[in-house]
Amino acid sequence: MDRETAVITGGSRGIGRAVALKLAERDCNTVINYAGNKEKAEETAALCREYGVSAVTVQGDIARKEDCERILQAALENFDHIDILVNNAGITRDNIIMRMSDEEFDAVIDTNLRGTYHMMKLVSRPMMKQRYGRIVSLASVVG
């Protein structure tokens, strides 16, 4: 059987990096999504490869559906299947409610909720077709 393939949103640093490394340690190929820090994403991919797996990076803002589509397409092009999706990407706009702008609120909702929704919806078809898949969504009290 082929190695499992995991897509990790927000996988370039912090919790996302730790998840990617643990999955690589457990023999999963990894797709590291990042929004802006290519250097950190490449660093994470290199660390994953030290476990003998393949790892690729894909830039994309999950708040945009077309970026979600591109992330998953890159995973399928590189590995032919997606077995695990880890929704880790999230943002915060710390502010008290009286000072929070509609734009700040929308940015948080678009990334933390809508982006997670798009990733789950898009990955569900290939997972259902292969009759296997796992989706893990992370959240925090801040996000």
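Residues numbered from 1 in each chain as written. Predicted model: local features only at pLDDT ≥ 70, side-chain atom pairs only at ≥ 80, totals over all residues. Heavy atoms only, no water.

Novice: Which residues make up the overall build of the chain, and what values go with them?
Specialist: What the chain contains, in helices and strands, is four helices and five strands. The C-alpha radius of gyration of the chain comes to 15 Å, within 12% of the 15 Å expected for a compact globule of 143 residues. Buried positions account for 38% of the 143 residues belonging to the chain. By sequence separation, contacts in the chain at least 24 residues apart represent 68% of the contacts at least 6 residues apart. Accessible surface, the chain as shown: approximately 8,400 Å² in total, 51% of it carbon and sulfur. (Helix = DSSP H or I, 4+ residues; strand = E, 2+ residues; numbered from the N terminus. Rg over C-alpha atoms; globule rule 2.2 N^0.38 Å. Buried < 20%, exposed > 50% of the residue type's maximum accessible area, 1.4 Å probe, protein only. Contact = heavy atoms within 4.5 Å. Areas by Shrake-Rupley, 256 points an atom, 1.4 Å probe, with all protein chains shown as cover.)

Novice: Can you explain the pattern of salt bridges? Please cite residues and give values.
Specialist: Scanning all chains against the criterion turns up eight salt bridges. The partner of Arg64 in a salt bridge is Asp67, and the shortest N-O contact between them spans 3.4 Å. Asp110 is the salt-bridge partner of Arg114, the closest N and O atoms lying 2.3 Å from each other. With Arg114 and Asp110 both in helix α4 (residues 102-130), this residue pair falls four residues apart, about one helical turn. (Salt bridge = Lys/Arg side-chain N within 4 Å of Asp/Glu carboxyl O.)

Novice: Describe the sheet that holds strand β1 (residues 5-8), listing the residues and the values that go with them.
Specialist: Spatially, the five strands line up as an open sheet ordered β3-β2-β1-β4-β5, and their pairing is parallel. A single partner strand is all that each edge strand has here, and the edge strands are β3 (55-59) and β5 (134-137). Taking each pair of neighbouring strands and ignoring which way they run, the sheet shows an average axis angle of 15°. With four bridges joining them, β1 and strand β2 (residues 29-34) adopt parallel strand pairing. Of the residues in β2, the one forming a bridge with Val7 is Val31. Lying on the sheet, helix α1 (residues 14-25) is in contact with β1, β2 and β4 (84-87); it crosses β1 at an angle near 175°. (Pairing = 2+ DSSP bridges. Axes fitted to C-alpha atoms, helices over the stretch in contact; angles between N-to-C directions.)

Novice: Go over the pairing of β5, please, and point to the residues and values.
Specialist: The pairing of β4 with β5 spans four bridges and is classified as parallel. Opposite Leu85, over in β5, you have Ile135 as the bridge partner.

Novice: I'd like a rundown of unusual backbone geometry, residues and numbers included.
Specialist: A positive phi is found at Asp27, a non-glycine position, where the angle reads about 75°. Relative to the assigned elements, Asp27 resides in the loop between α1 and β2. If you check the backbone angles, Arg131 has positive phi at about 60° while not being a glycine. Looking at the secondary structure, you find Arg131 in the loop between α4 and β5.

Novice: How would you sum up the environment of Ser140? Please name residues and give values.
Specialist: Considering the arrangement of structural elements, one finds Ser140 in the segment after β5. Since its relative accessible area comes to 46%, Ser140 is described here as partly exposed. Once the C-alpha coordinates of Ser140 and Glu39 are considered, the two residues, 101 residues apart in sequence, prove to be 25 Å apart.

Novice: Residues and numbers for the nonpolar core, please.
Specialist: Counting residues in hydrophobic clusters, the biggest one holds 17 residues, and the most contacted among them are Val7, Val31, Ile82 and Met119. Examining the composition of this core, we find that six residues originate from one element, helix α3 (residues 65-79), more than from any other. In contact with Ile82, not counting residues within four places along its chain, are Thr5, Val7, Leu72, Ala75, Leu76, Val123, Met127 and Gln130. Ala24, Tyr34, Ala45 and Cys48 belong to the second-largest nonpolar core, a separate cluster that totals 15 residues. (Core = buried A, V, L, I, M, F, W, Y, C linked by side-chain atoms within 4.5 Å.)

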